Amino acid sequence: MLRWLPEDVSTFGHEIDSLFYLIYYITAVTFILVTVLMIVFLVKYREQPGRRAIYSHGNTTLEIIWTIVPAAILIVLSFMSVNTWAKVKRHAPESDFEIAVAAKQFNWEVSYAGPDGKLGTEDDVKFDNDIHVPVNKVVRVQLSAKDVIHSFFLPNLRLKQDAVPGRTILVWFEATKPGKYELPCAELCGFGHSGMKGWLYVHTPEEYKKWAEEKLTQKPQ
Amino acid sequence: MSDTVAAHAVHGHHEELGFWRTYVFSTDHKMIGRQFLFLGLFMLLIGGLLAMLIRWELAWPESPVPGLNIIPEPYIFPGEKGGGIIPPQTYNAIFTMHATLMIFFVVMPIMVGCFGNFLIPLMIGTRDMAFPKLNMLSFWVGLMSGVVMLASFFVAGGPAASGWTGYATLSARASYTGVNWGQDLWIISLILVGISSLMGSINYITTIVNMRAPGMTYFRMPLTVWSLFITAILLLLALPVLTAALAMLLFDRTMGTSFFLPEGGGEPLLWQHMFWFFGHPEVYVLVLPAMGVTSELLSTFSRKPIFGYHAMAFSMIAIAFLSWIVWGHHMFVSGMNPLLGTAFMMTTMVIAVPSAIKTFNWLGTLWGGTIRFTSPMLFALGFVSNFIIGGLSGVFMASTPVDIFIHDTYYIVAHFHYVVAGIIFALFAAVYYWFPKIFGRMMNEGLAKTHFVLTYIFFNGAFFPMHFLGVAGHMRRIYNPTQYEFLQPMQHWNVFITISALILGASQIFFLFNFFWSLFAGKKAERNPWQANTLEWTAPAPPPHGNFDVIPTVYRGPYEYSSPEVKEDWLPQDRNLGTQAAVRAH
């Protein structure tokens with residue numbers, strides 16, 4: 001089933017995917033055990049003439065076992081998840097590459113710092129729906145929304161973050177492979193929600209330099 | 001207790017009531033239960049048809065649906081060769097109303113409204129609810145809320161289109177969705193639902209606490225009653241939070257307040273916190289009665305005491321407590337402080353444990369039984385099978401890093417349909433099982449089993465592949481998946497799901513036919529056709545106003561099947577073997 005996961009081109013995606021696989025194996029084994037047991041019981045203990053059901057009200061030892069074992073597995077799983085979560089959502093690495101994305105019905109408005117080198121000023125260079133970044137570079141995104149809640153979803157980078165009106169939320173990623181990756185909105189945002197998408201272009205450093213010189217140094221029309 | 005019993009004994013003989021008092025403005029808990037049943041089944045039909053439209057759109061986007069051209073523009077666009085094309089705005093309204101109807105007008109009225117009403121007094125051995133008039137009012141307010149909700153289909157702008165979760169700010173301003181009246185009516189209708197279930201839950205709790213028959217201690221109550229008891233407590237505490245949030249939303253929309261609008265200093269996430277603080281206990285409101293019914297039926301048809309009765313009751317109590325501290329798992333990527341995400345992940349992992357306990361105890365009940373594969377039993381087993389999948393798939397999204405990817409994808413849609421739509425199996429199980437008691441006639445077993453086989457196969461055909469879509473990153477609530485390049489290789493699964501869903505929908509004809517045919521022409525039922533132990537089976541079928549000839553005295557727990565004390569394999573709760581004295585309830 002997990003072969004359908006989109007290609008991962010992020011630095012933290014493999015950690016997310018390995019948790020995904022781990023939970024998949026644990027739940028698959030549990031599912032098979034429980035289902036096989038259920039089928040065996042249904043066949044073996046079907047009503048047959050002359051046999052009477054076992055008169056049993058339960059078994060305390062079993063109750064304790066099947067309380068503690070799942071609890072232990074689940075608690076271990078959550079401790080295994082803590083670090084990856086913190087890495088993706090809590091500790092954004094420092095970087096000199098920072099852009100702003102403002103979501104609005106039904107576009108991603110992408111801003112790069114203009115000649116003054118600062119974001120959020122008059123001379124910011126703006127694009128609709130297209131983000132260009134260099135490969136192997138930490139990208140910090142100041143995510144905001146202008147009208148309703150949207151969700152910034154990069155399937156190939158295993159990244160999702162809601163953009164909330166009235167807040168600026170910092171997200172980060174580092175793409176490891178040049179290419180063109182889809183950027184859909186993942187939160188219902190109105191009649192144009194479906195089809196609200198952009199593209200993330202990951203360039204080699206040389207290509208990115210060329211693009212930046214062409215598009216970022218001159219004032220947009 | 002004794003006063004209540006005495007008071008009811010005086011009223012034991014009821015005078016004949018007219019048509020209106022018997023069938024329409026009835027205060028009899030059984031008639032109110034039937035009214036809720038018909039309300040729920042009617043809404044199930046509408047909610048199901050809406051689901052078919054959603055599936056059509058996802059499999060064959062923007063292609064005309066046969067017959068839909070009767071609806072005018074701009075709600076439906078005419079297709080070139082007949083039929084009608086669903087526009088994106090209408091699509092959003094359709095899935096919003098599908099979920100709203102299924103949750104508030106199908107599962108709640110049937111599992112809680114119908115079976116809660118019908119079964120609680122009969123199963124605990126009393127003549128009616130504590131507050132019969134409040135009970136009647138609860139139904140009529142519930143019906144009114146349904147009328148208001150359905151009316152929203154006919155107002156300008158169409159019904160609500162901001163999802164059943166109604167996230168602000170989308171829901172808080174008409175200009176964001178283009179829906180004005182529809183969203184207001186949605187809010188008003190759900191406020192009425194809140195009032196209706198508040199009255200219902202007060203009634204259930206009071207009845208269970210005060211009116212149990214002599215000898216019916218808490219731990220001799222059937223697990224169905226336990227589940228409804230806990231459900232009522234959750235409803236009592238959760239629904240007012242939703243009502244408060246809805247009132248705030250209505251003020252934002254109509255009176256210019258800014259509870260959820262940042263331009264006036266409000267906070268969109270406040271809506272989500274309030275909604276899910278209600279919303280997660282609500283999930284258990286929906287699923288606990290299904291679990292109770294399933295426990296009941298597995299024991300009855302395995303002819304064996306339920307495995308771990310106390311574990312079953314205490315795991316439900318544990319769920320009731322834990323359900324208040326897990327709401328944040330709906331908000332991991334919402335912008336809520338990520339540290340809170342970690343805390344909510346821990347609590348969410350823990351709440352999986354009582355569900356696991358229940359599943360293992362169901363297996364333990366089957367072990368060593370003599371299993372009778374009647375139609376209610378098949379549906380109860382279907383519920384267990386779906387719940388195993390739905391329960392296990394929940395572990396994925398409990399893990400915060402994995403949730404980053406699968407949040408708001410079809411993985412979530414698959415998960416909650418296995419749990420919440422899976423309740424339909426318990427619902428059918430309950431209808432097939434208690435139909436003889438509710439209507440005094442048997443349903444046809446052959447049709448019921450055909451219904452089970454088709455429903456089971458095509459339910460899984462419809463919902464299992466949604467996991468695959470979710471793994472591929474397929475977002476929820478999108479109108480046209482072919483707009484996305486990365487989803488195009490998965491489109492054949494959308495077609496597969498839709499075909500399964502259409503057959504699943506069509507299979508329900510077996511149920512509808514069986515239900516209405518048996519209502520009038522089914523074989524007359526005996527008092528206890530399933531040889532079950534609980535008190536409702538000692539009453540006539542259907543029970544008259546006042547239920548019992550004499551209030552029964554309870555001598556034992558509800559699941560004494562295959563007891564060595566008697567020759568037959570069941571031992572009703574009220575049979576006096578002369579070997580033990582009845583324990584008074586208080």
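Residues numbered from 1 in each chain as written. Chains lettered and ligands numbered in written order. Predicted model: local features only at pLDDT ≥ 70, side-chain atom pairs only at ≥ 80, totals over all residues.

With respect to the overall build of chain A
Now for step 1: Check the secondary structure of chain A and you find three helices and 10 strands.
Now for step 2: Going residue by residue from the N terminus, the α and β elements of chain A occur as α-α-β-β-β-β-β-β-β-β-β-β-α.
Now for step 3: For 221 residues, the compact-globule formula gives about 17 Å, and the C-alpha radius of gyration of chain A, at 25 Å, lies well above that figure.
Now for step 4: C-alpha atoms of chain A, sized along the principal axes, occupy 90 × 35 × 30 Å.
Now for step 5: Relative to its full complement of 221 residues, chain A shows a buried share of 34%.
Now for step 6: Excluding contacts between residues fewer than 6 apart, the proportion of contacts in chain A whose partners are at least 24 apart in sequence is 63%. (Helix = DSSP H or I, 4+ residues; strand = E, 2+ residues; numbered from the N terminus. Rg over C-alpha atoms; globule rule 2.2 N^0.38 Å. Buried ≥ 20, exposed ≤ 12 C-beta atoms within 10 Å, placed from the backbone. Contact = placed C-beta atoms within 7 Å.)

Concerning the overall build of chain B
Now for step 1: Each helix and strand counted, chain B has 18 helices and two strands in total.
Now for step 2: A compact globule built from 586 residues should have a C-alpha radius of gyration of about 25 Å, and chain B, at 24 Å, falls within 12% of that.
Now for step 3: Expressed as a percentage of the 586 residues in chain B, the buried residues total 61%.
Now for step 4: Look at the contacts in chain B between residues 6 or more apart in sequence, and 79% of them connect residues 24 or more apart.

As for the interface of chain B and chain A
Now for step 1: Opposite the 82 residues of chain B that make contact, chain A presents 76 residues.
Now for step 2: Those elements giving two or more residues to the side of chain B that touches chain A turn out to be α4 (88-124), α6 (174-177), α9 (268-302), α10 (309-322), α11 (338-366), α12 (375-398), α13 (400-406) and α17 (465-471) of chain B.

Side note on the environment of Val141(A)
All names here are of chain A.
Now for step 1: Relative to the assigned elements, Val141 resides in strand β5 (residues 138-145).
Now for step 2: Val141 gets classed as buried once you count the C-beta atoms within 10 Å, which come to 25.
Now for step 3: Filtering out sequence-adjacent residues up to four positions away, Val141 remains in contact with Ile99, Val101, Val171 and Trp172.

Regarding the packing of helix α7 (residues 181-210) of chain B against helix α8 (residues 223-254) of chain B
All names here are of chain B.
Now for step 1: One way to put it is that α7 packs onto α8 with a least axis distance of 8 Å and a crossing angle of 155°. With respect to their mutual orientation, α7 and α8 come out roughly antiparallel. Crossing hand, α7 versus α8: left-handed.
Now for step 2: For the contact of α7 with α8, the residue count by class is 22 nonpolar, six polar and two charged. (Axes fitted to C-alpha atoms, helices over the stretch in contact; angles between N-to-C directions. Parallel < 35°, antiparallel > 145°, perpendicular 65-115°, else oblique. Left-handed = near helix turned anticlockwise from the far one by under 90°. Nonpolar A, V, L, I, M, F, W, Y, C, P; charged D, E, K, R; others polar.)

Overview of the sheet that holds strand β4 (residues 130-134) of chain A
All names here are of chain A.
Now for step 1: Pairing is mixed across the open sheet formed by three strands, whose spatial order is β4-β10-β9. Two strands in the sheet have a free side with no partner beyond their single neighbour: β4 and β9 (179-184). Averaged over all pairs of adjacent strands, the angle between strand axes in this sheet comes to 25°, irrespective of strand direction.
Now for step 2: Here six bridges tie β9 to strand β10 (residues 197-203), and the two strands are oriented antiparallel to one another. (Pairing = 2+ DSSP bridges.)

Side note on the domain arrangement of chain A
Residue and element names in this part refer to chain A.
Now for step 1: Domain boundaries in chain A define domain 1 (2-47 + 54-90) and domain 2 (98-215).
Now for step 2: If you average the C-alpha positions of domain 1 and of domain 2, the two centres end up 35 Å apart.
Now for step 3: Listed per partner, the contact involves nine residues of domain 1 and 12 residues of domain 2.
Now for step 4: The class makeup of the residues in the side of domain 1 that touches domain 2 is four nonpolar, three polar and two charged. (Domains from an automatic or database assignment.)

Examining the packing of α11(B) against α12(B)
All names here are of chain B.
Now for step 1: Their axes nearest at 10 Å, the elements α11 and α12 cross at an angle of 160°. Here α12 runs roughly antiparallel to α11, going by the angle between their axes. The chirality of how α11 crosses α12 is left-handed. In contact with Met345, Thr348, Met349, Ala352, Ser355, Thr359 and Trp362 of α11, α12 contributes Val384, Phe387, Ile388, Gly391, Gly394, Val395 and Ala398.
Now for step 2: Grouping the constituent residues of the contact of α11 with α12 by class yields nine nonpolar, five polar and no charged.

Examining the nonpolar core
Now for step 1: In terms of nonpolar packing, the biggest core is built from 247 residues, with Met111(B), Ala380(B), Ala426(B) and Ala429(B) touching the most fellow members.
Now for step 2: It is α4(B) that contributes the most residues to this core, 24 residues altogether.
Now for step 3: Each of two domains, domain 1 (2-47 + 54-90) and domain 2 (98-215) of chain A, supplies a minimum of three residues to this core.
Now for step 4: Ignoring anything within four residues of it in the chain, the contact list for Met111(B) reads Leu286(B), Pro289(B), Ala290(B), Ile423(B) and Leu427(B). (Core = buried A, V, L, I, M, F, W, Y, C linked by C-beta atoms within 7 Å.)

Points about α10(B)
Now for step 1: Between its first and last C-alpha atoms α10(B) spans 20 Å; for 14 residues at 1.5 Å apiece the expected length is 20 Å, and the two agree.
Now for step 2: Of all the residues in α10(B), the buried ones are Tyr309(B), Ala311(B), Met312(B), Ala313(B), Ser315(B), Met316(B), Ile319(B) and Ala320(B).
Now for step 3: Against α2 (60-90) of chain A together with α8, α9 and α11 of chain B lie the buried residues of α10(B). (Expected span 1.5 Å × (residues − 1).)

Some remarks on the pairing of strand β2 (residues 107-112) of chain A
All names here are of chain A.
Now for step 1: In terms of strand pairing, strand β1 (residues 98-104) meets β2 through five bridges, oriented antiparallel. Within the sheet, the bridge partner assigned to Ala100 lies in β2 and is Ser111.
Now for step 2: Pairing of β2 with strand β3 (residues 125-128) involves four bridges; the strand directions are antiparallel. Considered in β3, the bridge of Tyr112 is made with Val125.

Remarks on unusual backbone geometry
All names here are of chain B.
Now for step 1: Between Glu73 and the following residue, Pro74, the backbone shows a cis peptide bond with an omega angle of 0°.
Now for step 2: Examined against the element boundaries, Pro74 turns out to sit in the loop between α3 (29-59) and β1 (77-78).
Now for step 3: Cis peptide bonds are those with omega within 30 degrees of zero, and the linkage from Ala168 to Thr169 qualifies with 10°.
Now for step 4: Inspection of the secondary structure puts Thr169 in the loop between α5 (132-151) and α6.
Now for step 5: Of note, the phi angle at Arg477 is positive, near 60°, even though the residue is not glycine.
Now for step 6: With respect to the helices and strands, the residue Arg477 is situated in the loop between α17 and α18 (491-521).

Notes on the sheet that holds β2(A)
Residue and element names in this part refer to chain A.
Now for step 1: The sheet built from five strands is open, its strands ordered β3-β2-β1-β5-β8 with mixed pairing. Only two strands of the sheet have a single neighbouring strand rather than two, namely β3 and β8 (169-174). The sheet shows a mean angle of 25° between the axes of neighbouring strands, taken without regard to direction.

Some points on the environment of Thr231(B)
Now for step 1: Mapping Thr231(B) onto the fold places it in helix α8.
Now for step 2: Once residues within four sequence positions are removed from consideration, Thr231(B) is found in contact with Val112(B), Val285(B), Leu288(B) and Pro289(B).

Points about the confidence of the model for chain B
Residues and elements named next belong to chain B.
Now for step 1: Of all residues in chain B, 96% attain a pLDDT of 70 or more, and the chain-wide mean is 94.
Now for step 2: Predicted confidence for residues 1-12 stays below pLDDT 50, and this span has eight contacts to residues more than four positions away or in other chains.
Now for step 3: Scored below 50 in pLDDT, residues 582-586 shows 16 contacts in the model against residues more than four places distant or in partner chains.
Now for step 4: As scored by the predictor, the complex reaches a pTM of 0.94 and an ipTM of 0.95. (pLDDT = per-residue confidence, 0-100.)

Things to note about the environment of Gly264(B)
Now for step 1: As for its position among the elements, Gly264(B) is in the loop between α8 and α9.
Now for step 2: Distance from Gly264(B) to Arg34(B), taken between C-alpha atoms, is 47 Å for residues 230 residues apart in sequence.

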